[in-house]
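One letter stands for each residue in the lines below.
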Amino acid sequence: MRLKSSAVLKNVSGVHSRKAGATSFVRFLAMTLAAAFITATSVGTAQAEPKYAGIVIDAKTGKVLYGEDPDGLRYPASLTKMMTLYLTFEALNSGRISLDSKVPVSANAAKEPPSKLGVRAGGAITVEQAILALVTRSANDMATALGEYLGGSEDRFARMMTAKARALGMTRTTYRNANGLPNTAQMTTARDQARLGIALRQHYPQYYGYFSTRTFNFGKQVIGNHNRLVGTVKGVDGIKTGYTRAAGSNLATSAQIDGRSIVAVVLGGRSSAARDATMRKLVATYLPQASRGGNSNLIAQTRSAPVEEPVAVAAAVPSVAVAATNAGLPNAGPVPQARYEEAPVTAFAGSSSNAAVKAMEAATWQKGKDPVVRAPIAPDRSTITNSTKVDNIVTASVAPSASATAAAPQGGWVIQIGASPDENSARGLLQNAQEKGGAALRSAKPFTVAFSKDGSQIYRARFGGFDGQNAAVNACNALKKKGVSCWASLQ
């Protein structure tokens, strides 16, 4: 009996031991998995953290006084608005627009996330108000509105921005929007942003003072500058702050005192406070080391390369099938099939006269040099500049056909859908757009305009009858949502 009991006890003890061992193993496995998860999460977080980059340049000699990964690619965040403002100052300087010119706010601009000024769709602000909104609040909605105003659409304005970056020697910068909101293709470097900061101060001193604005009154709002160094660090006179989660805290700063001058850039700061502290140290350390000599003319004020337009060749039958050929910068996605794909262009409001067009053309083109078009049929570029194109019937090298002349509005804002070497195909493009556009084109008038290029006759497919720029841009945005490429222009 004792032996049996002993055997039973040993058996029960063995069962308990096996259960205890299994429980221990499960606990061990759970702890191991938990530790692995925590480690992976920590690594992922560390990898997601923005990397720091910085540079300080002597603005009189171009000497790099400090650099840490200055050519590493980073997200610019709202430093993007420095280029938006550069192109705005360029347009002001050329006389194409004025500080009092009205900038329409589209639905697309109004829906941008904060920071924003909050103007409703259909409203308008002056160019000067838009500038002040960008340098103080860093308003995303106003940056988009300026981009659409200067470029006809934000997509084309981004191409203009990238073209200007190349003209300024910013070799590693690509823009995809006017405000700096997250886009994985929109990249820059600390060195490129420093070049842009120097160019802003050097090329447009008459407008550069906007960057030192401390407050901006808009309606009942009193808007303070996001740049905390302006007015608190001796010698600092601008330029721009920026932040997104992926970019971290960015800051481009200009400082000059006692005949010395620097431009410094910090990218990927852990926080705004840490970024500002780093910049204060850089200014305090390297401004005294800057030279009092130099020519202060480091960056040539050159013309941008033309923003080449993707060109389509329509089939010579009354169908809407079109083979798109992209001759410009790559779009965000694949080229759509069975429709015309051309980068949108526009004119500035109030710049419809041929004299204004010729003045801008003279300021931005070298005589006798036409843009290179890598496509069998090129659009008429007789009035293209680095920032705008005005499609004006008067400039066509051949008279429009009788049918086109009869249907064409005599002026105002129009929407162009595409172009074709065959008039019937151009009409097919219009019919297709009308079917898809619905209410957006209910009161619009379709027409074609003929022009000649290199001995070939091309027909532009357009809609007219819009009540101003805002109506045309909004109608075009509605068409884009339906998959129809278009742009607004002043005829």
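Residues numbered from 1 in each chain as written. Predicted model: local features only at pLDDT ≥ 70, side-chain atom pairs only at ≥ 80, totals over all residues. Heavy atoms only, no water.

### Here we look at the overall build of the chain
Okay, step 1: If you tally the helices and strands in the chain, you get 13 helices and 15 strands.
Okay, step 2: Across the 491 residues in the chain, those meeting the buried criterion constitute 52%.
Okay, step 3: In the chain, once contacts between residues fewer than 6 apart in sequence are set aside, the share between residues at least 24 apart is 68%.
Okay, step 4: Surface exposure of the chain reaches about 21,700 Å², of which carbon and sulfur atoms provide 55%. (Helix = DSSP H or I, 4+ residues; strand = E, 2+ residues; numbered from the N terminus. Buried < 20%, exposed > 50% of the residue type's maximum accessible area, 1.4 Å probe, protein only. Contact = heavy atoms within 4.5 Å. Areas by Shrake-Rupley, 256 points an atom, 1.4 Å probe, with all protein chains shown as cover.)

### Some details on the pairing of strand S12 (residues 413-420)
Okay, step 1: Counting buried positions along S12 gives eight out of eight residues, so the element sits mostly inside the fold.
Okay, step 2: In this sheet, strand S15 (residues 487-490) lies alongside S12 in antiparallel orientation, the contact comprising four bridges. Bridged to Val-414 within S15 is Ser-489. (Pairing = 2+ DSSP bridges.)

### A short note on the packing of aromatic side chains
Okay, step 1: One pass over the full model with this rule turns up seven aromatic pairs.
Okay, step 2: Note on Tyr-86 and Tyr-204: the rings are 5.2 Å apart at their centroids and 75 degrees apart in plane angle, and the pair reads as edge-to-face. With Tyr-86 in helix H2 (residues 80-94) and Tyr-204 in the loop between helix H7 (190-203) and helix H8 (205-208), the pair connects residues that are 118 residues apart, well separated along the chain. Comparing Tyr-86 with Tyr-204 shows no difference in burial state: the two are buried.
Okay, step 3: Taken together, Tyr-86, Phe-89, Tyr-204, Tyr-207, Tyr-208 and Phe-211 form an aromatic cluster joined through their ring pairs. (Phe/Tyr/Trp six-rings, centres within 6.5 Å; stacked < 30°, edge-to-face > 60°.)

### Describing helix H6 (residues 154-167)
Okay, step 1: Between the first and last C-alpha of H6 there are 20 Å, a value that for 14 residues agrees with the 20 Å anticipated at 1.5 Å per step.
Okay, step 2: Among all positions in H6, only Glu-154, Arg-156, Phe-157, Ala-158, Arg-159, Met-160, Met-161, Thr-162, Ala-163, Lys-164 and Ala-165 are buried.
Okay, step 3: Where H6 ends, the next residue or the one after it, Gly-169, has phi of about 85 degrees, a positive value. (Expected span 1.5 Å × (residues − 1).)

### Regarding the state of the cysteines
Okay, step 1: Tallied over the entire structure, the rule returns one disulfide.
Okay, step 2: Covalent S-S linkage joins Cys-476 and Cys-486, the inter-sulfur distance amounting to 2.1 Å. The sign of the 120 degrees torsion about the S-S bond sets the Cys-476-Cys-486 disulfide as right-handed. Of this pair, Cys-476 sits in helix H13 (residues 469-481) while Cys-486 is found in the loop between H13 and S15, placing the two residues 10 residues apart along the sequence. We note that Cys-476, like Cys-486, is buried. (Disulfide = S-S within 2.5 Å.)

### Considering the side chain of Thr-84
Okay, step 1: Along the chain, the position of Thr-84 falls in helix H2.
Okay, step 2: Residue classification places Thr-84 among the buried positions, given a relative accessible area of 0%.
Okay, step 3: Once residues lying within four places of it in the same chain are set aside, the contact partners of Thr-84 are Leu-134, Ala-143, Leu-146, Phe-157, Met-161 and Ala-178.

### Quick word on the sheet that holds strand S1 (residues 53-58)
Okay, step 1: Pairing is antiparallel across the open sheet formed by five strands, whose spatial order is S2-S1-S9-S8-S7. Two strands lie at the open edges of the sheet, namely strand S2 (64-68) and strand S7 (236-244), each paired on one side alone. Averaged over all pairs of adjacent strands, the angle between their axes in this sheet comes to 5 degrees, without regard to strand direction.
Okay, step 2: Summarising the sheet, S7 and strand S8 (residues 248-257) pair through eight bridges and their orientation is antiparallel. Bridge pairing in S8 places Thr-244 opposite Gly-248. (Axes fitted to C-alpha atoms, helices over the stretch in contact; angles between N-to-C directions.)

### Considering the side chain of Arg-74
Okay, step 1: The residue Arg-74 is located in the loop between S2 and H2 in this model.
Okay, step 2: Residue class for Arg-74 comes out buried when judged on its relative accessible area of 12%.
Okay, step 3: A distance of 2.6 Å separates polar atoms of two side chains, one belonging to Arg-74 and the other to Asp-69.
Okay, step 4: Those residues within four positions of Arg-74 in sequence are excluded, and the remaining contacts are Lys-51, Tyr-52, Ala-53, Asp-69, Gln-186, Met-187, Thr-188 and Leu-267. (Polar contact = N/O pair within 3.5 Å; in protein donor to acceptor, adjacent residues only side chain to side chain.)

### A short note on helix H5 (residues 140-151)
Okay, step 1: Here H5 contains 12 residues, and its C-alpha end-to-end distance of 16 Å stays within 8% of the 16 Å for a straight helix at 1.5 Å per residue.
Okay, step 2: Of all the 12 residues making up H5, 12 are buried; the element is thus mostly covered by neighbouring parts of the structure.
Okay, step 3: Within H5, the full set of buried residues consists of Asn-140, Asp-141, Met-142, Ala-143, Thr-144, Ala-145, Leu-146, Gly-147, Glu-148, Tyr-149, Leu-150 and Gly-151.
Okay, step 4: Immediately downstream of H5, the backbone of Gly-152 shows phi near 90 degrees, a positive value.

### Focus on unusual backbone geometry
Most peptide bonds take the trans form, and the phi angle of most residues other than glycine is negative.
Okay, step 1: At the junction of Pro-114 and Ser-115, the peptide bond is cis and its omega measures out at 5 degrees in the coordinates.
Okay, step 2: By secondary structure assignment, the location of Ser-115 is in the loop between helix H3 (107-110) and strand S4 (124-126).
Okay, step 3: Here Gly-238 and Ile-239 are connected by a cis peptide whose omega angle stands at 25 degrees.
Okay, step 4: Tracing the sequence through the fold places Ile-239 in strand S7.
Okay, step 5: Located in the positive-phi region is Asp-69, a residue other than glycine, with phi close to 50 degrees.
Okay, step 6: Considering the arrangement of structural elements, one finds Asp-69 in the loop between S2 and H2.
Okay, step 7: Phi at Ala-77 is positive, roughly 50 degrees, even though this residue is not glycine.
Okay, step 8: Mapped onto the elements, Ala-77 comes out in the loop between S2 and H2.
Okay, step 9: With relative accessibility at 2%, the residue Ala-77 sits in the buried group.

### Re the environment of Gly-293
Okay, step 1: Here Gly-293 shows up in the loop between helix H9 (272-286) and strand S10 (311-314).
Okay, step 2: Separated by 32 residues in the primary sequence, Gly-293 and Ser-261 place their C-alpha atoms 9.9 Å from one another.

### Describing the packing of H2 against H5
Okay, step 1: Between H2 and H5, whose axes approach to 10 Å, the crossing angle comes to 40 degrees. As judged from the angle between their axes, H2 and H5 are oblique. Judged by the twist between their axes, the crossing of H2 over H5 is left-handed. Where H2 approaches H5, its residues Lys-81, Thr-84, Leu-87, Thr-88 and Ala-91 are matched on the opposing element by Asn-140, Ala-143, Leu-146 and Leu-150.
Okay, step 2: Here the contact of H2 with H5 is composed, by residue class, of five nonpolar, three polar and one charged. (Parallel < 35°, antiparallel > 145°, perpendicular 65-115°, else oblique. Left-handed = near helix turned anticlockwise from the far one by under 90°. Nonpolar A, V, L, I, M, F, W, Y, C, P; charged D, E, K, R; others polar.)

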